[in-house]
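Spelled out from the first residue to the last, the chains are:
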Amino acid sequence: VREGDAGGDVWVLLSGSCDVDVGGDRVATLGPGHLFGEIAALTGGTRTASVATVETCELLRLTPDALASAMARSTSLMNHLLVTLAARSRTMTTREDAVRSEHRELARLEEAMLPNPGVFAGSPRFRHEVYWRPLTYASGDFCDIVSLGDDRYLAALGDVLGHGAPTSLTIGTTRGQMRELADQGVSPSGILPRLDRHLFRHGPPGMHVTLVLALIDGATSTATIATAGHPPPIRCRGGSTSVIDVAPGPLLGYGLSLEDYPSVTVDLVEGDSLLFYTDGIAEVRIATPDDDDAMLGDEGVLRLFEDACATADGSVMDALVTRISMLQNMRPSDDDMAMLLLRVAG
């Protein structure tokens with residue numbers, strides 16, 4: 001009996017044993033007296049599991065009609081089937097509870113890797129805000145801020161291509177190596193090619209990452225920015241927004257033999273805000289007069305950020321998220337979403 005095949009006959013195991021697999025994972029071993037195939041037979045759907053003999057077995061084969069007729073004649077068979085279904089349901093519920101628990105733990109671990117709320121506690125100039133919303137239980141989007149001492153920080157926002165659990169290992173690999181290189185004093189333009197080679201050699205196969213880095217220096221009031229296939233940040237100054245003009249390098253994880261990625265150094269003045277965002281923000285679906293399923297786009301993010309900076313009474317990030325949510329108007333997201341906002345105080 002193969003998972004996914006059309007439902008058909010019901011089988012009662014009279015002797016021997018069988019293994020039950022779901023999604024390629026062994027979930028149970030059946031012995032004499034067990035039956036299987038009843039869910040697909042009763043509902044008319046597809047098989048929910050694969051069953052294979054472990055040893056020589058003797059089985060009773062019942063068509064759906066024969067099963068229905070036998071249950072009509074025998075209350076003991078009916079009771080046996082109900083007990084079997086109840087036990088099967090309990091097993092599935094227990095297994096699903098364990099999976100949900102693991103999903104929650106994974107989400108907590110990813111959330112714990114977001115920037116520490118107190119990372120700028122010792123800085124007289126810099127503040128930050130974060131928005132992070134996974135599409136499922138875990139996110140391919142991540143951000144980080146590394147304190148390098150002497151009012152210097154490395155800010156990072158990245159996006160692993162994909163969703164859910166497979167992206168988590170890549171996030172951990174990327175984040176750990178990035179922090180190690182930052183602690184060694186490597187510049188953003190030098191970190192990216194090293195990360196590219198590290199992910200190619202040691203990361204999960206076929207996983208690629210977009211990443212933007214900004215080295216924030218309080219002593220010189222500058223930000224040195226480099227990006228690997230990621231949207232460049234937006235700066236808001238004096239109520240006007242502009243995209244930081246930095247050429248993007250290739251995505252990470254291909255193992256290219258680059259020594260440096262393009263970078264640009266911009267000045268930071270009191271009142272400046274830098275917004276980093278993932279493509280899940282630009283791809284928010286909105287309704288327009290011409291298109292009921294248009295996307296916000298990079299230009300839309302630019303306009304909303306300018307409006308949020310100009311009108312927010314408190315948190316600029318909260319104001320920006322509110323505006324995005326109003327435009328989205330309950331339309332489901334297709335991607336993880338993350339934003340990192342850096343603010344320059346007096």
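Residues numbered from 1 in each chain as written. Predicted model: local features only at pLDDT ≥ 70, side-chain atom pairs only at ≥ 80, totals over all residues. Heavy atoms only, no water.

Chemist: Residue-level account of unusual backbone geometry, with values.
Modeler: Even without glycine at this site, D150 takes up a positive phi of about 55°. Secondary-structure assignment places D150 in the loop between β8 (141-149) and β9 (152-160). Judged by its relative accessible area of 70%, D150 falls in the exposed class. Unusually for a residue other than glycine, S221 sits at a positive phi of about 55°. On the secondary structure map, S221 appears in the loop between β10 (209-217) and β11 (222-228). (Helix = DSSP H or I, 4+ residues; strand = E, 2+ residues; numbered from the N terminus. Buried < 20%, exposed > 50% of the residue type's maximum accessible area, 1.4 Å probe, protein only.)

Chemist: I'd like a description of the sheet that holds strand β12 (residues 234-237), backed by residues and values.
Modeler: Strands belonging to one sheet form pairs held by backbone hydrogen bonds; the direction of such a pair is parallel or antiparallel. Ordered by their spatial adjacency, 5 strands build an open sheet running β7-β18-β15-β12-β13, and the pairing between neighbours is antiparallel. Strand pairing shows two members of the sheet lacking a second neighbour, β7 (126-133) and β13 (240-243), which therefore form its edges. Between one strand axis and the next, the sheet turns through 20° on average, direction left out of account. The pairing of β7 with strand β18 (residues 337-344) spans 8 bridges and is antiparallel. Of the residues in β18, the one forming a bridge with H128 is L342. The strands that helix α8 (residues 316-328) touches are β7, β15 (273-277) and β18; relative to β18, the one it contacts most, it runs at about 145°. (Pairing = 2+ DSSP bridges. Axes fitted to C-alpha atoms, helices over the stretch in contact; angles between N-to-C directions. Contact = heavy atoms within 4.5 Å.)

Chemist: For α8, give the residues involved together with the corresponding values.
Modeler: With 13 residues, α8 ought to run about 18 Å at 1.5 Å a step, and its terminal C-alpha atoms sit 18 Å apart, in line with that. Looking only at α8, the buried set comprises V316, M317, A319, L320, V321, R323, I324 and Q328. Two or three places before M317, at the opening of α8, S315 has a side-chain oxygen 3.3 Å from that residue's backbone nitrogen. N329 lies just past α8 and shows a positive phi near 50°. (Expected span 1.5 Å × (residues − 1). Polar contact = N/O pair within 3.5 Å; in protein donor to acceptor, adjacent residues only side chain to side chain.)

Chemist: Explain the sheet that holds β8 to me, and be specific about the residues and the numbers.
Modeler: The sheet built from 5 strands is open, its strands ordered β8-β9-β10-β11-β14 with antiparallel pairing. Lying at the two open borders of the sheet, with one neighbouring strand each, are β8 and β14 (263-267). Neighbour to neighbour, the strand axes of the sheet diverge by 15° on average, direction disregarded. With 8 bridges connecting them, β8 and β9 associate as antiparallel partners. Along β9, the bridge assignment pairs F142 with G158. The sheet contacts of helix α4 (residues 165-183) involve β8, β9 and β10, and relative to β8 the element is tilted by about 20°. On top of the sheet, helix α5 (residues 188-202) reaches β9, β10, β11 and β14; it is set at about 150° to β10, its chief contact.

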